[in-house]
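One-letter residues, chain by chain:
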Amino acid sequence: CVQSRLTLHVRNDKMLAIVRKQLRNHPALIPLFFFIGGGAAMSLLYLARLGLRNPDVCWDRKNNPEPWNKLGPTDQYKFFAVNMDYSKLKKDRPDF
Amino acid sequence: MAHPSQLGFQDAASPVMEELLHFHDHALMIVFLISTLVLYIIVAMVTTKLTNKFILDSQEIEIIWTLLPAIILILIALPSLRILYLMDEINDPHLTIKAMGHQWYWSYEYTDYEDLGFDSYMIPTQDLAPGQFRLLEADHRMVVPVESPIRILISAEDVLHSWAVPSLGVKMDAVPGRLNQTAFIASRPGVFYGQCSEICGANHSFMPIVVEAVPLEHFENWSSLMLEDA
């Protein structure tokens, strides 16, 4: 609320100067920027990881049409493995 | 199974459900603490005779009430994400069972070694033996060996159903034309009840799921018996 009144209708390079001035008078805004900015950055990074690394996503229909058919038996495609060591898994499916 | 006037979860019968219980305790404790604090502040605000009209802002308290909730949320989020990924792990199962939802019964297929399949209908209330549970018992139980990772492949033959057993911490939709996979480990021998969890017509409330976890030799005897009867 303190910020919105002052930063509407202003050019981008002046916005940084205005925010810096507000921070000097209201340092309580620093944790707010940190957590909101950090949260937004983490969400965007995870979305980018999903878009680029998820085997369910197909970007190149000509050269890589069905990436979900190319999963190996030791692939870990989830972000985090709690208890499972995927490199120890064996392949027990027939090739086709 | 659930008991009358139950408020909390059923006792855990699988390691994943234990983790879910502990996480729920953790998150609920945080919620109780915050609610108590807020209730106390409301009562204090409403019953005070003090008035102060001249405080406009304060940087210190703003920092505190930004930092503290952010830290509390991180303390809730980290265990939550850990359990989320734990629940999705593929854990090298010993046995694969197919559970197919029909209107209005489940059918189970154990096809790893031989072709074993059977239907599981609810026992009607008038046919219950003394000591059996109304609307929860089934004529053929899904028998599994105890302490073995089991993979369940779930689908449906007609409309949407959902295969759920709360004490094992398992729920997965049965979608016609789609194969869903979930897994569990029964930590102790016992009988675990669940009910169809996706509206599927007139008898949606009358197609229960009964999982019976037994030692491996008993499981082998049971499957030989079932194969002979078929």
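Residues numbered from 1 in each chain as written. Chains lettered and ligands numbered in written order. Predicted model: local features only at pLDDT ≥ 70, side-chain atom pairs only at ≥ 80, totals over all residues. Heavy atoms only, no water.

In the nomenclature of an unreviewed UniProt entry, chain B corresponds to Cytochrome c oxidase subunit 2 from the organism Neolamprologus brichardi. The record in UniProt for chain B states the following under Sequence similarities (unreviewed entry): "Belongs to the cytochrome c oxidase subunit 2 family." (UniProt positions renumbered as here; feature names shortened; annotations may be inferred.)

Named according to an unreviewed UniProt entry, chain A is Cytochrome c oxidase subunit NDUFA4 originating from Neolamprologus brichardi. Its UniProt record gives chain A the following Sequence similarities (unreviewed entry) comment, quoted word for word: "Belongs to the complex IV NDUFA4 subunit family."

Draft legend 1. Spatial organisation of the state of the cysteines. The tally for this structure, following the rule as stated, stands at 0 disulfides over all chains. Cysteine Cys200(B) is unpaired, with the sulfur of Cys196(B) as its nearest cysteine sulfur at 3.9 Å. (Disulfide = S-S within 2.5 Å.)

Draft legend 2. Structural view of the packing of aromatic side chains. Residue and element names in this part refer to chain B. In total, this model carries 12 aromatic pairs over all chains according to the counting rule given. With 6.0 Å between their ring centres and 25° between their planes, Tyr110 and Phe118 make a pair best called stacked. For Phe118, a relative accessible area of 8% corresponds to the buried category. Among the aromatic side chains, those forming a connected cluster through ring pairs are Tyr108, Tyr110, Phe118, Phe219 and Trp222. (Phe/Tyr/Trp six-rings, centres within 6.5 Å; stacked < 30°, edge-to-face > 60°. Buried < 20%, exposed > 50% of the residue type's maximum accessible area, 1.4 Å probe, protein only.)

Draft legend 3. Looking closely at the interface of chain B and chain A. At the interface, 17 residues of chain B touch 19 residues of chain A. When chain B packs against chain A, the two sides together hide about 1500 Å² of surface, and 67% of this comes from carbon and sulfur. On the chain B side of the contact with chain A, Gln59(B), Tyr85(B) and Glu89(B) bury the most area, a combined 39% of that side's loss. Where chain B meets chain A, there are 1 salt bridge. (Contact = heavy atoms within 4.5 Å. Buried area = accessible area lost by both parts, 1.4 Å probe. Salt bridge = Lys/Arg side-chain N within 4 Å of Asp/Glu carboxyl O.)

Draft legend 4. Local environment of the UniProt feature "transmembrane region" (unreviewed entry) in chain A. In this structure's numbering, the residues bearing the UniProt feature "transmembrane region" (unreviewed entry) are residues 28–47 of chain A. As annotated, residues 28–47 of chain A has a helix share of 95% and a strand share of 0%, and its two end C-alpha atoms lie 30 Å apart. (Helix = DSSP H or I, 4+ residues; strand = E, 2+ residues; numbered from the N terminus.)

Draft legend 5. Focus on the packing of helix H3 (residues 29–53) of chain A against helix H2 (residues 59–87) of chain B. Running from N to C, H3(A) and H2(B) cross one another at 25°; their axes reach a closest spacing of 9 Å. Considering their axes alone, H3(A) and H2(B) lie roughly parallel with respect to each other. Of H2(B), the residues touching H3(A) (which contributes Pro31(A), Leu32(A), Phe35(A) and Tyr46(A)) are Ile63(B), Thr66(B), Leu67(B), Ala70(B), Ile74(B) and Tyr85(B). Taken together, the residues that form the contact of H3(A) with H2(B) break down as 9 nonpolar, 1 polar and no charged. (Axes fitted to C-alpha atoms, helices over the stretch in contact; angles between N-to-C directions. Parallel < 35°, antiparallel > 145°, perpendicular 65-115°, else oblique. Nonpolar A, V, L, I, M, F, W, Y, C, P; charged D, E, K, R; others polar.)

Draft legend 6. Region of interest: the packing of helix H1 (residues 15–47) of chain B against H2(B). All names here are of chain B. Close contact between H1 and H2 brings their axes to 11 Å; oriented N to C, the two are set at 165°. As summarised for this structure, H1 and H2 are arranged roughly antiparallel, according to the angle between their axes. In this structure, H1 meets H2 at a crossing whose hand is left-handed. Counted together, Val16, Glu19, Leu20, Phe23, His26, Ile30 and Ile34 of H1 and Ile72, Leu75, Ile76, Pro79, Ser80, Arg82, Ile83, Leu86 and Met87 of H2 form the full contact between these two elements. (Left-handed = near helix turned anticlockwise from the far one by under 90°.)

Draft legend 7. Layout of the domain arrangement of chain B. One can read the domain layout of chain B as domain 1 (15–88) and domain 2 (95–229). When each unit is reduced to the centre of its C-alpha atoms, the spacing between domain 1 of chain B and domain 2 of chain B is 40 Å. (Domains from an automatic or database assignment.)

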